[in-house]
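Breakdown of the fold
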Amino acid sequence: MEYVNPLTGFRVDGRRPNEMRQLKGEVGVVARADGSALFEMGNTRVIAAVYGPREVQNKGQQVNSNEALVRCEYRMAEFSTGDRRRKPKGDRRSTEISLVIRQTMEASILTHLMPRSQIDIYVQVLQADGGTRSACINAATLALADAGIPMRDIVTSCSAGYLCSTPLLDLNYLEDSAGGSDVTVGILAKMDKVTLLQMDAKLPMDTFENVMGLAIEGCKAIASYIQECMQINDLNLSKIAVPTMDITQPLKSLTCCGWMAFVHCIAVHRNFLGLLERPMEYVEGPVGLLLSPKSRRPQNSPSHFVGIW
Amino acid sequence: MVGLSEGEKHFIRGGITQDLRTDGRKRLQFRALSVQTGVIPQANGSARVRLGATEIIASVKAELGKPSILHPDKGKVSIFVDCSPTAEPMFEGRGSEELSAELSVSLQRCLLGGKSGAGAAIDLSSLIVVEGKVCWDLYIDGLVVSSDGNLLDALAAAIKVALSDTGIPKVNVSVNAASDEEPEVDVSDEEFLQFDTSSVPVIITLTKVGRHYIVDANSEEESQMSSAVSVSVNRHGQICGLTKRGGAGLDPSVIFDMISVAKHVSQQFISLLDSEIAAAEAEEAEC
Amino acid sequence: MAMEHLRWRPTVNERDFIERALQSDLRVDGRHSFDFRKLKITFGREDGSSEVQLGETHVMGYVTAQLVQPYRDRPNEGTLAIFTEFSPMADPAFEPGRPGESAIELGRVIDRGLRESRAVDMESLCVVAGKHVWSVRVDLHILDNGGNLIDAANIAALAALSTFRRPECTVGGDDGQQVTVHDPEVRDPLPLTIHHMPIAVTFAYFGEGNIVVDPTYKEEAVMGGRMTATVNSNGDVCAIQKAGGEGVMSSVIMQCLRIALVKAADITSKIKKAVDSYTTEKALKKVKRLPTSVPQKISVTDVIMEDKGDGELEKQTVDVQQISKDPPTIVKVSSHEDAQPMTESSNAEVNTSSAVAAGESDESQEIGSPKSLKDAIKPKHKRKKKSDKS
């Protein structure tokens, strides 16, 4: 099969070799999580939810109590793949991807600032069309930022492949299963360092360098998109945080209005004050964006009920 | 995971007694409902339903299969529920299996009818392509993405929406004289058949807290329940299923009362759901 | 995962020591940054089993194959599967029973390196397309964890695959679908076709830009990240696994890959050398076995000489040797002279005592010894030995 049209140079889905699929990021999709995000790369769609930092649930799991324990579970929905088949939970592939995502996120989380605590990252694949682990890492980055967890950098991930003697950016399922090489890269965007790198199938050394370079470029593009997402989210949050604002005003797609719907102005006000009472979050490095005013949701501090009462 | 202080518990119970719940609702009022269809393009039909902070994604996939020998004139439908750990850290690993199984069974009871398939929400004989040879297997999957109580009602609503969104490809069977041979089927990419979903019931769960019962309880309220009755009602006001959970005993007269209330509430809920489905489909068509 | 707390953790001082030593380009075991530990490859008695020792790391590889039905999407290809066994004996952190995260990762990294790069020819493992193919199974047993399990296990897998022989089989029958698997004694079993050797080379990254190759257990406990590059000696990259951890510049990664190439060439030649010496040794053994009478005759003359010398001390060994040669003779005797009760009774004695000596006599029993002088003297010796014993 021809994955790149020799005449036009277009790929099976009409993209150019170095063109990425449509990206979409949405913060705050899971109402009760401490941080959550949806991330789409074309038809690949994943949700990440972050719970924590919270008390360590199973003390035996914490190896080093001076650092936060980061955990991750990757799960695919029953309907996420084209042919529907029930797979046992925790198969070898999911276990490996969970490990990979966990260690990639750990590279950016400032775990030493949260001793004796635990951060759970859950990623759920809703639709799989190639590059699920990349999409999961991008979603997890957004969700961690949404949860207000201090990070040293933005981690983003993208894949690239090599088919028909052409390096291709951001493979879809069809291209991924073509048997060619598949290189998944995860970078720390501002430091310009590679933290995740996985590849398979044979590739000569210099070709590999080109393909990896393309994937890194993809990661950088995603990083700037994710930053945009965070900025818009922050802007909306700063609007919400002013108690005099009309909170019923419809917010744009990148808001997290889900949890706002039932919150009284008083609750918002108290939450806002509550934030000021908390110690300022410490952010190392240049990512000022991560200082988000939304570090605790009203649901997690139901004490405001008592206040009204 | 709900950790409530004594004051909060008191507040919840007191509010229910006074017909003013913690989020400002009345006892028989649902949370805001939002419906989106076609969220999973790979599926034949899909829906996302949000009920307050509870969020469900339901998908319907149709595959060609063989009807069972016992019922050669009927297709097959199966329902599975999965609770994602994104909804609750407790659901991590195998932690969700018990709840998922319980929800699956409840939904199967309400929607699949008896063993023979009689009384199922979907007319199973409409799934047949060639009698005794080819039929559609419908796989209905519910995924709990976010959980804040009342999962069963939200799941049933999501499945109802997903089914109404479902288009089954039209199948052309080439007439083959020799009946022993496998019939040749040609699945159309363009023509789709819609289900008649008018008889698909909704589930209304009445949660008893103290002396009163409420609809659409959130997880804080659920933690205070003594018992709950889930009534599955279709458009014609007929009861399709009934489940009681929770240990506390109920007087039969209370149950009858609850059923009639559920029936009343369900009619409002169904019409609300219908208008949401229409709106969602119109929006999807626009996109 | 539950056993994670049993993993050895360096103390603050140990960590500091390892890191500071690396700053001045020293490793705790005296190696240079890009040196591998001593590699020792040995083979078991059977084809397809290997044992690899990389420093203190000890891994055993074992390859087996059986005929199965192929996957529907690949009807004319055999299958290759990697199974790992992390014994708690190797490291208390390994949980018995269910494979842990690291066991799964190791299996998948090796699997990717071998399978996705098509190192083993899969089409030649097909017997009848869509019906019967060989399914090759590689079992990797971690016997001791001294760090860098992936590289050691990968070498063990390659060594075992290189020496593995599968029985030859032919297709016949009326419908041309019947498969006959030939006994290895009848037809020589066939080796696998291995196109290239993907060698895993693991780099450990420490803060402040220190990189070492082949990390030890202690270095693994201190390192910030790890990358396993699977490359072959043709200069192809077959697989890479860097599962998060310490970030590195892409130029550093390319540099590591170039180092990996050099290491891979070195390890490939070591594996090939070990495999070659194993196969020649095996071939020599076979040659020895064919002219059976030669070593036999030598021992016979020995016996005779010793018999004449009649040394008390040597007698016992002589007895053993002679007894072991009995069975074939007995067969002949009994077939010819069934009626003689004397020989019958001596037969029984011989049998029991030969069972005693069975351990040493395996080889000689197989070989039919020609009738000779000794047949006549045997009963006497028999009795002698019996009296000795009593």
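Residues numbered from 1 in each chain as written. Chains lettered and ligands numbered in written order. Predicted model: local features only at pLDDT ≥ 70, side-chain atom pairs only at ≥ 80, totals over all residues.

1. Observations regarding the overall build of chain A
Each helix and strand counted, chain A has 6 helices and 10 strands in total. By residue count, 50% of the 309 residues in chain A fall in the buried class. Of all intrachain contacts in chain A linking residues separated by at least 6 positions in sequence, the fraction that spans at least 24 positions is 71%. (Helix = DSSP H or I, 4+ residues; strand = E, 2+ residues; numbered from the N terminus. Buried ≥ 20, exposed ≤ 12 C-beta atoms within 10 Å, placed from the backbone. Contact = placed C-beta atoms within 7 Å.)

2. Digging into the interface of chain B and chain A
Facing the 30 residues of chain B at the interface are 31 residues of chain A. Residue contributions to the side of chain B that touches chain A peak at 5 residues, all from strand β6 (residues 134–146) of chain B. Looking at side-chain class alone, the side of chain B that touches chain A contains 14 nonpolar, 8 polar and 8 charged residues. (Nonpolar A, V, L, I, M, F, W, Y, C, P; charged D, E, K, R; others polar.)

3. Describing helix α1 (residues 92–106) of chain A
Residues and elements named next belong to chain A. Here α1 spans 21 Å end to end across 15 residues, near enough to the 21 Å set by a 1.5 Å rise per residue. Counting buried positions over the 15 residues of α1 gives 11, a clear majority of the element. Taken together, the buried positions of α1 are occupied by Thr95, Glu96, Ile97, Ser98, Val100, Ile101, Arg102, Gln103, Thr104, Met105 and Glu106. (Expected span 1.5 Å × (residues − 1).)

4. Things to note about the nonpolar core
Considering soluble globular proteins, one finds that nonpolar side chains tend to be buried as a cluster. Residues and elements named next belong to chain A. In terms of nonpolar packing, the biggest core is built from 228 residues, with Ala48 and Ala139 touching the most fellow members. No other element matches the 12 residues that helix α4 (residues 205–240) contributes to this core. Those residues within four positions of Ala48 in sequence are excluded, and the remaining contacts are Ser36, Ala37, Ile121, Tyr122, Val123, Cys136, Ala139, Ala140 and Ala143. (Core = buried A, V, L, I, M, F, W, Y, C linked by C-beta atoms within 7 Å.)

5. Quick word on the packing of helix α2 (residues 101–116) of chain C against helix α3 (residues 149–163) of chain C
All names here are of chain C. Close contact between α2 and α3 brings their axes to 10 Å; oriented N to C, the two are set at 50°. The angle between α2 and α3 places the two elements in the oblique class. Between α2 and α3 lies a crossing of right-handed hand. Residues Leu106, Val109, Ile110, Gly113 and Leu114 of α2 pack against Leu149, Ile150, Ala153, Asn154 and Ala157 of α3. Broken down by class, the residue content of the contact of α2 with α3 amounts to 8 nonpolar, 2 polar and no charged. (Axes fitted to C-alpha atoms, helices over the stretch in contact; angles between N-to-C directions. Parallel < 35°, antiparallel > 145°, perpendicular 65-115°, else oblique. Left-handed = near helix turned anticlockwise from the far one by under 90°.)

6. What to know about the pairing of strand β9 (residues 202–209) of chain B
All names here are of chain B. Taking burial as the measure, the 8 residues of β9 include 8 buried ones, the bulk of the element. Side chains of β9 alternate between two faces, with Val202, Ile204, Leu206 and Lys208 and Ile203, Thr205, Thr207 and Val209 buried alike. Note that β9 and strand β11 (residues 227–233) share 7 bridges and pair antiparallel. In the strand pairing of β11, Leu206 is matched with Val229. (Pairing = 2+ DSSP bridges.)

7. Points about the confidence of the model for chain A
One rule of thumb: low pLDDT means the predicted coordinates there are not for detailed reading. On average, residues of chain A carry a pLDDT of 78, and 75% of them reach 70 or more. A low-confidence stretch, residues 243–309 of chain A stays under pLDDT 50, and its non-local contacts, those more than four residues away or across chains, total 96 contacts. (pLDDT = per-residue confidence, 0-100.)

8. Here's the deal with the packing of α1 of chain A against helix α2 (residues 132–146) of chain A
All names here are of chain A. Close contact between α1 and α2 brings their axes to 10 Å; oriented N to C, the two are set at 40°. As far as their axial angle goes, α2 and α1 are oblique. As α1 runs across α2, the sense of the crossing is right-handed. The segment α1 lies against α2, with Ile97, Val100, Ile101, Thr104 and Met105 engaging Arg133, Cys136, Ile137, Ala140 and Leu144. Broken down by class, the residue content of the contact of α1 with α2 amounts to 8 nonpolar, 1 polar and 1 charged.

9. Concerning the sheet that holds strand β1 (residues 23–27) of chain A
Residue and element names in this part refer to chain A. Spatially, 5 strands are ordered β1-β2-β3-β5-β4 in an open sheet, and the strand pairing comes out mixed. Looking at which strands have only one partner, the edges of the open sheet turn out to be β1 and β4 (69–76). Averaged over neighbouring strand pairs, the angle between their axes works out to 15° when direction is ignored. In this sheet, strand β2 (residues 35–41) lies alongside β1 in antiparallel orientation, the contact comprising 5 bridges. Within β2, the residue paired with Val27 across the bridge is Ala37. Sheet strands touched by α1: β4 and β5 (117–127). Its angle to β4, the strand with the most contacts, is close to 140°.

10. A word on the UniProt feature "domain: Exoribonuclease phosphorolytic" (unreviewed entry) in chain C
Those residues carrying the UniProt feature "domain: Exoribonuclease phosphorolytic" (unreviewed entry) are residues 35–167 and 196–261 of chain C in this numbering. Regarding residues 196–261 of chain C, the helix share stands at 27% and the strand share at 39%, and the terminal C-alpha atoms are separated by 13 Å. (UniProt positions renumbered as here; feature names shortened; annotations may be inferred.)

11. Re the pairing of β2 of chain A
All names here are of chain A. Extensive coverage of β2 is indicated by the burial of 7 of its 7 residues. Residues Gly35, Ala37, Phe39 and Met41 line one face of β2 and the alternating positions Ser36, Leu38 and Glu40 line the opposite face, and both faces are buried. Hairpin connection, β2 to strand β3 (residues 44–55): the antiparallel pair is bridged by 2 residues, and Gly42 has positive phi, about 60°.

12. Here's the deal with the interface of chain C and chain A
Counting residues at the interface gives 32 residues for chain C, matched by 32 residues for chain A. For the side of chain C that touches chain A, the elements supplying multiple residues, two or more each, are α2, β14 (236–242) and α5 (250–289) of chain C. In terms of residues, the side of chain C that touches chain A owes the most to one element, β14 of chain C, which gives 7 residues. Here the side of chain C that touches chain A is composed, by residue class, of 13 nonpolar, 8 polar and 11 charged. Summarising the sheet, strand β9 (residues 193–200) of chain A and β14 of chain C pair through 3 bridges and their orientation is antiparallel. Directly across from Gln198 of chain A, in β14 of chain C, lies its bridge partner Gln241 of chain C.

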